[in-house]
Amino acid sequence: MAQNVPTVKVLNRTNSRFPDSKVYWPFNGQTHSIAEQPYLDMPANLSGRMSFHLGSADAALSDFIEFTVGADQFNGNTTRVDAFVPKLAMRLRSGAGSNLTGGST
C-alpha cells in the first residue's frame, strides 16, 4: 500500500532489447532494476529527477525525467526536449485506483 502521494510504475519500452533486469532507475540514493522493483511510492517534493540506465546501473545509455509532485498532482518532463535517448513511459496510479500512462510507446 502506498504511503506517499503517487505510485509510479516504471515500464520497459525497449522492445526486448533490454530485459527488465537490465533497466535501472536510481532515485533518492537507491538503485533498482525494473525486475527488482517496478513500482516507486513517490513522496511529494518541490522538484526532482529520476534517471534511467540501460544495460547496467551506471551505463552511458541513459535518460531522465524531471518532475514536481504535489499533494494531488504530478508534473513530469522528459529530456526529449534536448535529446532522445531511450524511450520512457510511466504509469501513475492514484490512491483512488485510477491509472494514467504517458510517454513513448
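This text follows the structure it describes.
In this convention, every chain numbers its residues from 1, walking through the sequence in written order. Restriction of local features to residues with pLDDT of at least 70 applies here, the model being predicted, together with a cutoff of 80 or more for giving and counting side-chain atom pairs; totals for whole chains, interfaces and linings are based on all residues. Only heavy atoms go into the side-chain values, all of them from the structure, while hydrogens and water stay out.

To continue, consider the overall build of the protein. Put simply, DSSP marks the helices as runs of H or I at least four residues long and the strands as runs of E at least two long, and each gets a number from the N terminus on. Looking only at helices and strands, one finds zero helices and nine strands in the protein. Secondary structure elements of the protein occur, N-terminal to C-terminal, as β-β-β-β-β-β-β-β-β. Burial classification: accessible surface area is computed with a 1.4 Å probe over protein chains only, and a residue below 20% of its type maximum counts as buried, one above 50% as exposed, and the rest as partly exposed. Looking at the protein as a whole, 33% of its 105 residues qualify as buried. Accessible area of the protein: about 6200 Å², with a carbon and sulfur share of 49%. Only the protein chains shown count as cover for residues, with accessible areas throughout obtained via the Shrake-Rupley method and a probe of 1.4 Å.

Okay, the packing of aromatic side chains next. Two rings from Phe, Tyr or Trp (for Trp, the six-membered ring) form a pair when their centres are within 6.5 Å of each other. A pair whose planes differ by under 30 degrees is stacked, one over 60 is edge-to-face, and the rest are tilted. A full pass over the atoms with the stated rule returns one aromatic pair. Ring geometry for Phe 27 and Phe 67: centres 5.9 Å apart, planes at 40°, overall tilted. Highlighted residues: Phe 27 in strand β2 (residues 23-27) and Phe 67 in strand β6 (residues 62-70), separated in sequence by 40 residues. Looking at Phe 27, the relative accessible area reads 13%, which means it is buried. Classification of Phe 67 as buried rests on a relative accessible area of 3%. Two limits define a charge over a ring: the Lys NZ or Arg CZ must be within 6 Å of the ring centre, and within 35 degrees of the ring normal. Seen from the ring of Phe 64, Arg 49 lies directly overhead, with NZ or CZ sitting 3.8 Å from the centre.

Moving on to the pattern of salt bridges. Basic side-chain nitrogens of Lys or Arg form a salt bridge, by our definition, when they fall within 4 Å of a carboxyl oxygen of Asp or Glu. According to the stated counting rule, one finds one salt bridge in the structure shown. Here Arg 49 makes a salt bridge to Glu 66, at a shortest N to O gap of 2.7 Å. Residue Arg 49 is found in strand β5 (residues 45-54), and its partner Glu 66 is found in strand β6; the two are separated by 17 residues along the sequence.

Any functional reading would require information beyond the geometric quantities listed.
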